[in-house]
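Examination of the molecular architecture
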Amino acid sequence: MGEIVLVRHGATEWSATGKHTSYTDVDLTEDGERQARALGPALAQWNFIAVLSSPRKRALATARLAGLTVTEVDDDLAEWNYGEYEGITTPEIRRTRPDWYLWRDGCPAGETADDVGERLDRVLTAARTLLDAGDVALIGHGHSLRVAGARWIALPPAAGGVLRMDTGTISVLGHEHGHQVIQRWNAPV
């Protein structure tokens with residue numbers, strides 16, 4: 001049985017400064033490009049029969065620089081829609097909402113954890129059907145891929161809040177004794 005490999009895109013100016021970045025299409029920084037290229041040798045151990053990517057150019061550039069050929073661009077792999085909090089950092093948000101927590105509160109005019117969970121459930125269902133033939137890579141973003149990890153192991157979407165995921169890292173979802181498990185998480189290359 002194949003594995004699902006989650007690949008978080010390389011660093012951007014916004015990710016480096018903690019700005020919430022969903023629909024804003026920012027480029028990788030030089031460091032982000034370096035991270036993406038470094039992913040290539042680490043990803044060579046898998047036999048990818050499908051590479052699904054978020055439509056954002058930071059994800060697509062990461063796949064390209066890592067030497068992966070994207071087989072499908074999937075809007076469901078886009079980052080959490082931060083709505084009114086797009087481009088704003090958590091400390092800035094907490095100036096007006098001191099107890100705000102993304103994973104519990106979601107974003108005004110954006111998504112909740114359950115909304116993101118619905119999207120990632122669709123992605124995981126599609127990927128699961130391919131695993132008998134090989135491995136599947138999902139190229140995406142920190143918060144949405146954290147939700148994917150939580151959903152894979154049957155936790156609620158908000159449980160992704162305890163699964164840190166840095167830029168340019170690999171996480172692996174697989175099976176043990178017929179059960180879905182997280183085999184590796186937030187692994188740098």
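Summary of the structure given here. (Residues numbered from 1 in each chain as written. Predicted model: local features only at pLDDT ≥ 70, side-chain atom pairs only at ≥ 80, totals over all residues. Heavy atoms only, no water.)

Let us now look at the packing of helix H6 (residues 113-128) against helix H7 (residues 142-152). Angle between the axes and distance between the axes: these two values describe a pair of packed helices. One way to put it is that H6 packs onto H7 with a least axis distance of 9 Å and a crossing angle of 65°. As for how H6 packs across H7, the hand of that crossing is right-handed. Facing H6, whose interface residues are Val 116, Gly 117, Leu 120, Asp 121, Leu 124 and Arg 128, H7 presents Ser 144, Val 147, Ala 148, Arg 151 and Trp 152. Its residues assigned to classes, the contact of H6 with H7 shows 6 nonpolar, 2 polar and 3 charged. (Axes fitted to C-alpha atoms, helices over the stretch in contact; angles between N-to-C directions. Helix = DSSP H or I, 4+ residues; strand = E, 2+ residues; numbered from the N terminus. Left-handed = near helix turned anticlockwise from the far one by under 90°. Contact = heavy atoms within 4.5 Å. Nonpolar A, V, L, I, M, F, W, Y, C, P; charged D, E, K, R; others polar.)

Turning our attention to the side chain of Thr 12. In this structure, Thr 12 sits in the loop between strand E1 (4-8) and helix H1 (13-17). In this structure Thr 12 comes out as buried when scored by relative accessible area, which is 1%. Every residue in contact with Thr 12, bar those within four places of it in the chain, is listed here: Val 26, Asp 27, Leu 28, Thr 29 and Arg 58. (Buried < 20%, exposed > 50% of the residue type's maximum accessible area, 1.4 Å probe, protein only.)

This paragraph deals with the pattern of salt bridges. Counted by the stated rule, this structure contains 8 salt bridges. For Asp 27, the salt bridge goes to Lys 57, with nearest N and O atoms at 3.3 Å. Of the two residues, Asp 27 is situated in the loop between H1 and helix H2 (30-43) and Lys 57 in helix H3 (residues 57-65); the sequence distance between them amounts to 30 residues. Accessibility expressed as a relative area gives 36% for Lys 57, which makes it partly exposed. Each of Arg 97, Arg 104 and Asp 105 takes part in a single network of salt bridges with overlapping partners. (Salt bridge = Lys/Arg side-chain N within 4 Å of Asp/Glu carboxyl O.)

With that settled, the discussion passes to the pairing of E1. Counted residue by residue, E1 has 5 buried out of 5 residues, so it is predominantly covered. Neither face of E1 is open: one carries Ile 4, Leu 6 and Arg 8, the other Val 5 and Val 7, and all of them are buried. The pairing of E1 with strand E4 (residues 135-140) spans 5 bridges and is classified as parallel. Within the sheet, the bridge partner assigned to Arg 8 lies in E4 and is Gly 140. Bridge analysis of E1 against strand E5 (residues 170-176) gives 4 bridges, and the strand direction is antiparallel. Within E5, the position partnered with Val 7 by the bridge is Ile 170. (Pairing = 2+ DSSP bridges.)

Turning to its location among the elements, Cys 107 is positioned in the loop between helix H5 (102-105) and H6. Linking Cys 107 and Gly 83, residues 24 residues apart in sequence, is a C-alpha distance of 5.9 Å. Among residues more than four places away in sequence, those in contact with Cys 107 are Trp 80, Asn 81, Tyr 82, Gly 83, Tyr 85, Trp 100 and Leu 102.

Time to look at H2. Compared with the 20 Å implied by 1.5 Å per residue over 14 residues, the 20 Å span of H2 between its first and last C-alpha is a close match. Within the span of H2, buried status applies to Gly 32, Gln 35, Ala 36, Leu 39, Gly 40 and Leu 43. Buried residues of H2, seen end-on, are gathered within an arc of 165° and therefore sit on one face of the element. Those residues of H2 that are exposed and aimed more than 90 degrees away from the buried face are Glu 30 and Pro 41. Among the structural elements, E1, strand E2 (48-53), H3 and E5 are those in contact with the buried residues of H2. (Expected span 1.5 Å × (residues − 1). Arc of directions from axis to C-beta.)

This part covers the nonpolar core. If you look at the biggest cluster of nonpolar residues, it comprises 32 residues, and the most contacted ones within it are Ile 4, Leu 6, Trp 80 and Leu 138. For this core, the secondary-structure elements that each account for two or more residues are E1, E2, H5, H6, E4 and H7. Looking at this core element by element, the count peaks at 6 residues for H6. Dropping the residues within four chain positions of it, Leu 6 is found in contact with Leu 138, Leu 145, Gly 149, Met 165, Thr 169, Ile 170, Ser 171, Leu 173 and Trp 185. (Core = buried A, V, L, I, M, F, W, Y, C linked by side-chain atoms within 4.5 Å.)

Shape descriptors only; they carry no functional weight alone.
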